[in-house]
Structures are given as C-alpha cells and as structure tokens.
Amino acid sequence: MTNNLFKKKVLFILLFAISNFVQAQKSLVLWYDKPSGNVWERALPIGNGKIGAMVYGNVSQEILQLNETSVWTGSPNRNDNPDALASLPAVRKLVFDGKQKEAEILSEKTIQSKKSNGQIFQPVGSLNLRFANHENYTNYRRELNIERAISTTTYSVDGVQYTRTSFVSSPTNTLVMRITANKANSISLDAFFTTPQKNVKLSTNSKKQLILHGATAGHEGVEGNQLKFNALTTFKQQGGSITSNDTLTKITGANEVIIYVNIATNFNSYKDLSGNEIARTEADLQKALPKPYATLLNEHVANFQSFFNRVKLDLGSNPAAEQKPTDVRLDEFRTNNDPTFASLYFQYGRYLLISSSKIGGQPANLQGIWNNKMFPSWDSKYTININTQMNYWPAEKTNLSEMHEPLLKMVKELSETGQETARIMYGSRGWVAHHNTDLWRITGPVDRIFWGVWSMGGAWLCQHLWERYLYTGNKAYLAEIYPILKGASLFFVDDLVEDPRNKYLVINPGTSPENAPAAHQGSSFDAGVTMDNQIVFDMLSVTIRAAELLKKDQQLVDTLKTIRQRLSPMRIGQYNQVQEWMEDIDSPNDKHRHISHLYGLFPSNQISPYRTPELFVGANNTLIQRGDVSTGWSMGWKVNWWARMLDGNHAHLLIQNQLSPLGVNAAGGGTYPNLFDAHAPFQIDGNFGCTSGIAEMLVQSHDGAIHLLPALPDFWKEKGSISGLKTRGGFEIVKMTWANGKVTSLQIKSTIGGNCRLRIGAALKGKNVNLQTAKGENSNPLFVTEETAKPIISPKASIILASIPPTFLYDFTTEKGKVYTFDVQ
Ligand code: FUC
C-alpha cells in the first residue's frame, strides 16, 4: 500500500468511526432549541439515586432545582388503626351479606388510618445562577445525553460561546456544573439558593460557599423538625474574582467556573435519624474537589455506562425525523414512523432508573427523585397498588438488577414494620402492607378506606424479591429473602376466611384497586376479588417453591398447598371478559384506568396463550372493553399487556398514545416535552412501564421458555437488533438481530447453566450447540410455571379460542459462562 493510500484508508476509517459515534450520540440525546423558561416539565433530569436535579437551561437565569432522596416530611411513625381487629367480624359479615356500602362506612372509623396518610417527598430548593446581560443570545441548544448522563447548554452572547455541562456523579455523590467560555475573563455570575422549605437558614462562609441548612416540617400530626438537610455549593474558578455577601456568591470575569453541589440529610433508616448532614456534605465534597474536572467527568461517565451500556436497541431509523428537536419529534411520533424515538424512550427509561434508584438511596417514588413541589400530587410517595411496582418492571429484564436494590431493601423494611400492622389490625402472624407507604415504611391503610382497604401491597412487592431470584438463581439470596416471603404468606394463612356463599377461601374485606362495581352502591368493598385471589395464589406459590428449594418448613408447605387449592379460580363473565369481581357484575363500558384483574396476565403469568386459552381470550376482551387511552401509567401497563397478548401492533398503538403531547389524548395522559410521563401530572411509573413493555415486545421469559420476538409490530419489522436483555434462568441475549419480522442471528449467554428453552417463530440451527425439540415441562426450575385452575365460565359467555401463531420450541443444555450462537435455517 502506498503511503498516500494508507493515509486515505486511515482517514476513511476515522471518519467512519466518527460518523458512527455521532450517529450513536444523536440517537441517545434529548435536545431542544429553546430554554425551559419557568416550565419544570421542560427541564432535564439528572441524578445519581441520591441527589436529583432538574436543569432548566435558561440563559440569563439558570435554575438547578434540587432534590435529595431522603428529604421527606415527618419522622418515625406508625399509622395502624387499633380498632380494626374488633370490627373485622362485623365488616366481613356485612360484605358477605351484600351490604358492602355499610361495611365501608363502618371501616371508615375502624380500619382507616386515624393518623398520617403518609408523609411527603419534598424539594430541597434551587441553586440559581444569574448571568447579567445574557438576555440576547444566539446559537442556543440544550441537551441531555442519556448515554453519558450529562446535560449541556450552549449559546453565544456578543460573539462569545458559553457552555454549561452538568452531571451528578455517583462515585463522589456530587452534582457538578462546569461553565466555560471561548474567550478569557467572560464568565460573571451571581449564585444563590432559594427554597420553598420554611424551616431553613441560608448563609455563606469564608470559603464563599453557599449553605442551605434546614429541617422538614411535620405533616398530618406526625412530628416535624426532625429530618435535617444540608446543601452546600462550592465554587472553583480560574481567573477573575470571587466575593460573597450573606447569602450570595459573586464571580466576576472568570475563564472557567466549576460548581459543586452536595446535599445530605441526617437520615440513616426509617427508625434512625442520627446521621450528621453537615459532615456528610463536607465528606462528599472532599471526594470531588481534589479531582481534576476531566477525572471527575470520566469517572462519572464510566460509572454510569457500566450500567447503561449493557443494553443496546436498534428498531430501525428515520433520518429525517431524527434531525428534529425532541419536543417536535414527540409531537409527530403518533403520525410518523420514528422508530429511533421509541428506542430513545426505551433507553430514557433505563437512564431514569439508573439516575433515580441506586444502592444507598431510596427507591424511585412516584416522581423518581425529581419533585419541585412542597405538596406534590399523592405526596410523591409510594403507591404500592401498581405504581411503585411498575417503576421496577424494567429492572431485571433490562439488565439493571443493581437498581432493583433500593426497592428490595424497602420490602425487607416493610416486612419489619408490617408485622405490627398484621398483629394489631388483623390478629394475624406475618406481615402486611396496604396501598401506600413512605420513607417511614408505614403499613396501615391510608386515604379514604375506599382505596386504603386493599391489603396486598406487601405480597405484590414480594414478587419482586422472587423475580430477582428467578433472574439470578442465587440460592444464598433466596435464603435471605425467604423469611420475608414466609411472613407475607403467614399473614394470608391467618387472614383468609371461608366465603359462606361458595366455600372458597377469600380475603374479606378486599377490593380491586380503586374501582367499584355499580352493583355495590359505589362501594369498593368486596370479598374474593380476582386480583386478591391472583396475588394470594402467587404469594403462596413462591413461598412453597422457595421452601422446597431451601428444604425448609415441610409442614408449612403442606398447609400452603391446601389453602391454595381452596382459592377461587378465575372466572369468565357474561361479556366474555375476565371477571374483576367474584360475581359477574363488571360493566363492558367501564373504562377505569386500573385493570387489576389482569395482574394475572402481566406482571404475573397465570394467563397464557399456551396454558389457559379461555382466559387468554377473556383477557383480550377485557382489554378491548376497557379501551386504550387513559392515564400515562395505565397506557404503560397496556403496552405490557398487549405484548403478552402477542399483539405487537396493538402494543405499538399504546406507545403512540402514550408518546403524545399532553392534551392530544382527550381525558387521558401523555408525555411532557422532557419525555416525562404525564398521568397527568408527571408520574414516572409510565416511563418505566413503557420501557418494560418495549422489552416484553422483543423478549419474554415468564411462560416456561425464552420467547423471542413475541410481539414485534409492523413498524419495527424491517430490521433491528437488541443486545443485553436478561431473562429468567440467568440468560442474557448477547445479541439478536432480525429482518422482515424474523430472527436472523442470535447469541445467548448462560450465566448460571441449566436447560435453556427457546420459543421462536422460525426454525433455528445451533452453531456450537445441539438443539433438541422441546418436550414436556422445562427442566430448568427457574422457568417453572404454576398450574392455573380452569376458569369458571358463565353460561352466558361464548368464548371462541384464538389462533396463536405457530412457534418452534427448542431445548439445549448450557454451561455457566458459555455463549451459544444460532443461525436461522
Ligand atoms: C393510584 C392511581 C392514580 C395515581 C396514584 C398515584 O391511586 O389510581 O391514578 O396514579 O396512584
């Protein structure tokens, strides 16, 4: 090769690499050509699971709105109603006698919390940066690069180009903003804190640091002034000068400014507030301050990418659409084929989970870790009758198991606090949690009893513990969580009662979250509702499995099996629907956002096209009757349901509904310009729900096999690939490509060995593996499915079984650590 030719080749490779890099960058960026103004839902979220911030990207008046994971009102407290136990026989009798409304009225006094309805997740305040004479700017752009977890704002004033780069570093627990200009001595700013918190002191010190120290208030009779927080802003500038007055720091004529924000509280645990918030912020700052900026940045990016880069998704591309700002793409998504926007939204869900849920922090709440209001909707706490669970649907399957940790820890803590609730309110062993909890791990019923009576929160959350086991096969972990599972089941052993009408064992009082059948005079109370039965079934089943795997508690296993047999099967009603209630009183015109009785379809696996064909059709009818457009999270759930119905096009329709600007869906939710999900208001569950749904459209593993491309919509059929999704059994889809709707290549890694069963639409050929046609049950215990009882079908129903697309089912034996490669035949 001549020297020139060599140079040309190198240049070509370089250009190619750069253009690929730019392409990857572009597709994983949210960007805008206008500042946020004063609209919080336009600002861009950054966070490390402990500190969260919304970056407004305003030019002359920049705002970093600040949160810290443990800044909640109140202090350690409980909210059980001690009158519950004595009243339970009367409440149960009223329900069994069909007097649900009377039961509800009585329970308002005896079961509903007389104390706190839960405490509030609150903001710390804002760091404000004023740039004088920056009103007239050009070349404006702000972006959030979700592949690097960095927000950048650039603009020019008087020919000088300014750049602000912000990120929240995990390794140092510090928010960092660096401000640069392409002309020396151009950066001048005033910085100061503001806060809606009442009990605070703002100050500066001799190091020109800004300090915001305070304590949160009490709420609903729970003592305040206990949870202390400290926010500390530190400046490091090159050139120019720095001065401060009592609450403001002024920088004049600098070449570069780096701003460090540290926030901490005295919170150690739900029962211990003995930490030192001031020492903590100092200690964190000392981790960041000595490091060169480039090191801080690189360590942050490396840490973030160690999670984020595990999964890559390509659903196809539409270059014309991709050139537009994110808010314009959002506006056009429902009428445009913009598959990169769907993959961006999928990855944004993963970005948000990494940024709002990390070991050492609290689980992502209703708003993740981002809230600017003192009284946010539903206190921005943990609604555990769907919303908190939905936050964690993507965790295992999108290869972010570590992000699951804060939730799993919360379940453990609820299993501690919930024991007293079980004992005092129900006279039961074990533990129980109702439909909400908060930083203090309250487990009593909150809000009006219409909603609060539901006692399944803890048991549903336990499925997350079990799911982690199914994805990892880690027996030591199983032994750790077993007492929590056992406690949740013991509660049911004591709390289930025989329904005199039909002799089934039922939960009474129970409810199908937040809905009420017209036939019950507007009361939500009932006994033996479908979702209760499904959750109890799962709870008993996983406890039985865990005990058997650990070779423990044989007698208890026998008891649980006996009880499980006495639960009501699911029912198919007169409208060919899965019944929500024990009686056939559902309305086909009910559009309620919760479709709790389809818990059995997703996230559970009690309804299956292969094992329960009648219920599968019933679920389809229920989904059609309930309709598509609803609140954001409800649409997110529906993406998962339609994926489980093997209907990719309907799932995609829901993604289009969800990814519509707020206001487009009459009487429904949508998406804000910063791609936060809109209930409305902002609720992060919808983001996470849809992310999980997109994964479920590509790979499922709940039904005895790894099902590849179970629900690929026409929009994504042409060509695509996915890398890094995890499945039950500890398998990883190293890479799967497809074209024209069919898998074209596949690599699967086994991380723990065991039988791997694949379900796939086209015949496969193993390259380094012998595929067998699968027969009988999957021998891998991590894929076990429980037998769902045959449904009771109304004589008025006429179920026509669905035709399920044919698939191939293969088995092959795997070894821990090995990668298996396949071709399509
Ligand atoms: C449940 C839902 C509401 C809302 C709230 C936080 O009560 O029914 O729609 O999402 O949680």
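No experiment lies behind these values; they were computed from the predicted model shown.

So, how was this worked out
- Residues numbered from 1 in each chain as written.
- Predicted model: local features only at pLDDT ≥ 70, side-chain atom pairs only at ≥ 80, totals over all residues.
- Heavy atoms only, no water.
- Helix = DSSP H or I, 4+ residues; strand = E, 2+ residues; numbered from the N terminus.
- Rg over C-alpha atoms; globule rule 2.2 N^0.38 Å.
- Buried < 20%, exposed > 50% of the residue type's maximum accessible area, 1.4 Å probe, protein only.
- Contact = heavy atoms within 4.5 Å.
- Near = heavy atom within 4 Å.
- Polar contact = N/O pair within 3.5 Å; in protein donor to acceptor, adjacent residues only side chain to side chain.
- Areas by Shrake-Rupley, 256 points an atom, 1.4 Å probe, with all protein chains shown as cover.
- Nonpolar A, V, L, I, M, F, W, Y, C, P; charged D, E, K, R; others polar.
- Core = buried A, V, L, I, M, F, W, Y, C linked by side-chain atoms within 4.5 Å.
- Pairing = 2+ DSSP bridges.
- pLDDT = per-residue confidence, 0-100.
- Axes fitted to C-alpha atoms, helices over the stretch in contact; angles between N-to-C directions.
- Phe/Tyr/Trp six-rings, centres within 6.5 Å; stacked < 30°, edge-to-face > 60°.
- Salt bridge = Lys/Arg side-chain N within 4 Å of Asp/Glu carboxyl O.
- Expected span 1.5 Å × (residues − 1).
- Arc of directions from axis to C-beta.
- Parallel < 35°, antiparallel > 145°, perpendicular 65-115°, else oblique.
- Left-handed = near helix turned anticlockwise from the far one by under 90°.

### What to know about the overall build of the chain
Helices and strands together make up the secondary structure of the chain, namely 21 helices and 36 strands. The C-alpha atoms of the chain give a radius of gyration of 27 Å, which matches the 28 Å a tight globule of 825 residues would have. A principal-axis box enclosing the C-alpha atoms of the chain has dimensions of 80 × 75 × 50 Å. Buried positions account for 63% of the 825 residues belonging to the chain. In the chain, the share of contacts with a sequence separation of at least 24, taken over all contacts with a separation of at least 6, comes to 70%.

### Regarding the site of the ligand
Looking at the ligand, the residues that line it are L366, W378, T383, N387, E514, R593, H594, W633, H679 and Q683. Contacts to the ligand include N387, whose side-chain N or O atom sits 3.1 Å from an oxygen atom. Taking E514, its side chain carries an N or O atom lying 2.5 Å from an oxygen atom of the ligand. Coverage of the ligand by the protein amounts to 97% of the 290 Å² it exposes when considered alone. Residue composition of the shell around the ligand, grouped by class: three nonpolar, five polar and two charged.

### Focus: the nonpolar core
Counting residues in hydrophobic clusters, the biggest one holds 217 residues, and the most contacted among them are L66, Y351, L708, L746, L758 and F822. Considering every element that reaches this core, the biggest residue donor is helix α14 (residues 475-495), with 11 residues. For L746, the contacting residues outside a window of four places in its chain are L708, I733, K735, M736, L758, L764, Y820, T821 and F822. In terms of nonpolar packing, the next biggest core, distinct from the first, is built from 13 residues, I211, I258, L296 and L297 among them.

### Side note on the pairing of strand β6 (residues 138-145)
Examined bridge by bridge, strand β1 (residues 29-32) and β6 share four bridges and lie antiparallel to one another. Within β6, the residue paired with Y32 across the bridge is R142. Relative to strand β7 (residues 150-157), β6 is paired through six bridges, and the arrangement is antiparallel. Among the inter-strand pairings, E143 is bridged to a residue of β7, identified as T152.

### Section: the confidence of the model for the chain
With 97% of its residues at a pLDDT of 70 or more, the chain shows a mean pLDDT of 96. Note on residues 9-25: pLDDT is under 50 here. Beyond four places in sequence and across chains, it has six contacts.

### Quick notes on the sheet that holds strand β9 (residues 174-181)
Whenever strands of a sheet pair, they do so through backbone hydrogen bonds, lying parallel or antiparallel. Spatially, nine strands are ordered β1-β6-β7-β8-β9-β16-β13-β12-β11 in an open sheet, and the strand pairing comes out antiparallel. Two strands in the sheet have a free side with no partner beyond their single neighbour: β1 and β11 (200-204). Across the sheet, the axes of successive neighbouring strands diverge by a mean angle of 15 degrees, strand direction being ignored. Sheet strands touched by helix α4 (residues 277-288): β9, β12 (210-215), β13 (228-238) and β16 (256-265). Its angle to β16, the strand with the most contacts, is close to 145 degrees.

### Looking at the packing of aromatic side chains
Summed over the entire model, instances satisfying the criterion amount to 30 aromatic pairs. Between F304 and F308, the ring centres sit 5.3 Å apart and the planes meet at 20 degrees, which makes this aromatic pair stacked. Of this pair, F304 and F308 both sit in helix α5 (residues 293-308), separated by four residues, roughly a single helical turn. Here a set of aromatic residues connected by ring pairs shows up, and it is made of W393, W454, W460, Y599, F602, W633, W637 and W641.

### Quick look at the pattern of salt bridges
Per the stated rule, a full pass over the model turns up 44 salt bridges. The closest approach of N and O atoms between E420 and R78, which form a salt bridge, is 3.5 Å. In this pair, E420 is assigned in helix α11 (residues 401-426) and R78 in the loop between β4 (61-68) and α2 (84-96), connecting sequence segments 342 residues apart. Overall, the relative accessible area of 29% leaves E420 in the partly exposed class. In this structure R78 comes out as partly exposed when scored by relative accessible area, which is 27%. Where E498 meets K503, a salt bridge forms, and the shortest distance between an N and an O atom there is 3.9 Å. Exposure remark for E498: the relative accessible area of 39% places this residue in the partly exposed category.

### Examining unusual backbone geometry
A cis geometry characterises the amide bond from N508 onward to P509, with omega recorded as 0 degrees. Going from H679 to A680, the amide bond is cis rather than trans, its omega being -15 degrees. Relative to the assigned elements, A680 resides in the loop between β24 (677-678) and α20 (685-698). For N185, which is not glycine, the phi torsion reads 60 degrees and is therefore positive. A residue is classified by how much of its surface remains accessible, and N185, at 48% relative accessible area, is partly exposed. Positive phi is not limited to glycine here, since R441 has a value of about 60 degrees. Along the polypeptide, R441 turns up in the loop between β19 (436-437) and α12 (449-452). Judged by its relative accessible area of 3%, R441 falls in the buried class.

### Concerning the sheet that holds strand β25 (residues 699-700)
Taken in spatial order, the five strands make up an open sheet running β25-β26-β31-β35-β33, and their pairing is mixed. For this open sheet the edge positions go to β25 and β33 (772-773), each flanked by a neighbour on one side alone. Both β25 and strand β26 (residues 706-708) contribute to a ladder of two bridges, which runs antiparallel. Directly across from Q700, in β26, lies its bridge partner H707.

### Overview of α4
Across its 12 residues, α4 extends 17 Å between first and last C-alpha, which sits within 8% of the 16 Å expected from 1.5 Å per residue. Listed as buried for α4 are E277, T281, D284, L285 and A288. The arc enclosing the buried residues of α4, seen along the axis, measures out at 100 degrees, which places them on a common side. Lining the buried residues of α4 we find β9, β12, β13, β16 and α5. With a side-chain oxygen lying 2.9 Å from the backbone nitrogen of I278, the N-terminal cap of α4 falls on N276.

### Observations concerning the packing of helix α13 (residues 457-472) against α14
The interhelical angle for the contact between α13 and α14, taken along N-to-C directions, is 160 degrees, at an axis separation of 10 Å. Here α13 is positioned roughly antiparallel relative to α14, judged by the angle of their axes. When the axes of α13 and α14 are compared, the crossing they make is left-handed. Across from A459, C462, L465, W466, R468 and Y469 in α13, the residues of α14 making contact are K475, Y477, L478, I481, I484, L485, A488 and F492. The class makeup of the residues in the contact of α13 with α14 is 12 nonpolar, no polar and two charged.

### Some thoughts on the pairing of strand β14 (residues 241-244)
Inspection of the sheet shows β14 paired to strand β15 (residues 248-254) by four bridges, in the antiparallel sense. Note that in β15 the partner of S244 across the bridge is T249. Taking the residues that link successive antiparallel strands as the turn, the β14-β15 hairpin has three residues.

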